[in-house]
Amino acid sequence: MPEGHTLHRLARLHQRRLAGRPVSVTSPQGRFASTAERLDGQVFAGAEAWGKHLIHRYRSGDLVHVHLGLYGSFSDGKAPLPAPVGQVRMRIESDDYGTDLRGPTACELYTPEDLLALTARLGPDPLRTDAEPEVAWSAISKSRKAIGALVMDQKVLAGVGNVYRAEVLFRANINPHRPGISVDRGEWDGLWDDLVTLMAIGVRRGKMHVVRPADDHGAPAYGPGRPRTYVYRRAGEPCRVCGTEVLMGEMVARKVYWCPTCQPM
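Residue numbers here run from 1 along each chain, matching the order of that chain's written sequence. For this predicted model, a pLDDT threshold of at least 70 governs which residues receive local features, and a threshold of 80 or more governs which side-chain atom pairs are given and counted, while totals over whole chains, interfaces and linings are taken from all residues. Only hydrogens and water are set aside; all other atoms, that is, all heavy atoms of the structure, feed into the side-chain values.

**A closer look at the overall build of the protein**
For clarity, the threshold we go by: Segments assigned H or I by DSSP are reported as helices when at least four residues long, segments assigned E as strands when at least two residues long, and all are numbered from the N terminus. C-alpha atoms define the radius of gyration, and 2.2 Å times the number of residues to the power 0.38 defines the globule rule. Any two residues whose heavy atoms approach within 4.5 Å at even a single point are treated as in contact.
When you go through the protein residue by residue, the secondary structure sums to 7 helices and 11 strands. For 265 residues, the compact-globule estimate of 2.2 N^0.38 gives 18 Å, and the C-alpha radius of gyration of the protein, at 20 Å, lies within 12% of that figure. Viewed in the frame of its principal axes, the protein has a C-alpha envelope of about 60 × 40 × 30 Å. For the protein, restricting intrachain contacts to residue pairs at least 6 apart in sequence, the fraction spanning at least 24 positions comes to 60%.

Shown next as structure tokens:
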């Protein structure tokens, strides 16, 4: 599932290419047809992201909520776009730019009240300037749940997925199985600051760069075109820092990775 930096990157792209312009909105697949008809010809007012959620705003006040889920993606190009290929849920075109949305978990008309309800149940997003990290700290410092589960809980932190979870905990030398109440304020402040920095790099570059320059050597990344990671998808391989075998377990139905030497209990 795309992590928060991907949605913020999309929001910036759509803001830059569509804001202030009347747009054509269609649903070649048909599953978004009635809302597309309502939006067609309206002026696209802007886009923003909240964690893993993308919001499109129209000058009329209409809102569209998109959650990509596991399989959703946008593809874009110069307008007019060619005939749609595959199941295009939503197509948006201006005079010179177009984008197709395929396979999202959600693509739906929202009211302002819907948006308020969504943002009320999300934790602070490290990529938003209005984020309140104190809210996340309050939840973490009182919880006996594992910190590895807490930083992936969208009600605690919005936008953090499995890669950033594994990597920021490694960089902070925090074992993912430690309970939230065992994390002190200094460790939390370091985690938050690191997320703010790393996720912003992800927005700028379009990829998650998490390995410090001094450690960015040795075994290749876990996949073609991917930057190196410290522990994510490196189970059984030597730690890039100490050489200990990286471990893998399961936490809240997701794989979790850590180095038992660099991240002791």
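**Re helix α3 (residues 112-120)**
Formally: Residue burial is assigned from relative accessible area. The probe radius is 1.4 Å, only protein chains are included, and a residue is buried under 20% of its type maximum, exposed over 50%, and partly exposed in between. An arc is given here, and it is the one of the directions from the helix axis to the C-beta atoms.
Those residues of α3 that fall on the buried side of the exposure criterion are Leu115, Leu118 and Thr119. Projected onto a plane normal to the axis of α3, the buried residues spread over an arc of 90 degrees and lie on a single side. Pointing more than 90 degrees away from the buried face of α3 are the exposed residues Glu113, Leu116 and Ala120. Tucked inside the fold, the buried residues of α3 contact β3 (43-50), β4 (53-58), β5 (63-67) and β9 (106-110).

**Concerning the environment of Ala235**
In this fold, Ala235 is placed in the loop between α7 (185-205) and β10 (247-251). C-alpha of Ala235 to C-alpha of Tyr257: the two residues are 22 residues apart in sequence and 6.9 Å apart in space. Residues in contact with Ala235, not counting those within four places in the same chain, are Val246, Met248 and Tyr257.

**Points about the sheet that holds β3**
For the record, the criterion: In this description, strands pair whenever DSSP reports at least two bridges between them. In this description, a line fitted to the C-alpha atoms serves as the axis of each element, helices being fitted only across the stretch in contact, and the angle between N-to-C directions of two axes falls anywhere from 0 to 180 degrees.
Read across the sheet, 5 strands follow the order β1-β3-β4-β5-β9 without closing on themselves; strand pairing throughout is antiparallel. If you trace the sheet from one side to the other, it starts and ends with β1 (21-22) and β9, each paired once. In this sheet, β5 lies alongside β4 in antiparallel orientation, the contact comprising 5 bridges. Bridging across to β5, His53 finds its partner in His67. Along the sheet, α3 makes contact with β3, β4, β5 and β9, crossing β9 at roughly 125 degrees.

**As for the nonpolar core**
Operational definition: To qualify as a nonpolar core, a set must consist of buried Ala, Val, Leu, Ile, Met, Phe, Trp, Tyr and Cys residues joined through side-chain atoms within 4.5 Å.
Core analysis: the biggest nonpolar cluster contains 37 residues, and Ile147, Leu157, Tyr164, Phe170, Trp188, Leu195 and Val231 have the highest contact counts within it. Examining the composition of this core, we find that 8 residues originate from one element, α7, more than from any other. Excluding residues that lie within four positions of it along the chain, Val231 makes contacts with Ala166, Glu167, Phe170, Val246, Tyr257, Trp258, Cys259 and Gln263. Counting residues in each nonpolar core, the second largest holds 24 residues, with Leu18, Ala36, Phe74 and Ile92 among its members.

**Concerning the pairing of strand β7 (residues 88-93)**
With 6 of 6 residues buried, β7 is to be regarded as a mostly interior element. Of the pairings in the sheet, the one linking strand β2 (residues 24-26) to β7 comprises 3 bridges and is antiparallel in character. From the neighbouring strand, Ser24 faces β7, where its bridge partner is Glu93. Hairpin connection of β7 to strand β8 (residues 98-102): 4 residues between the antiparallel strands.

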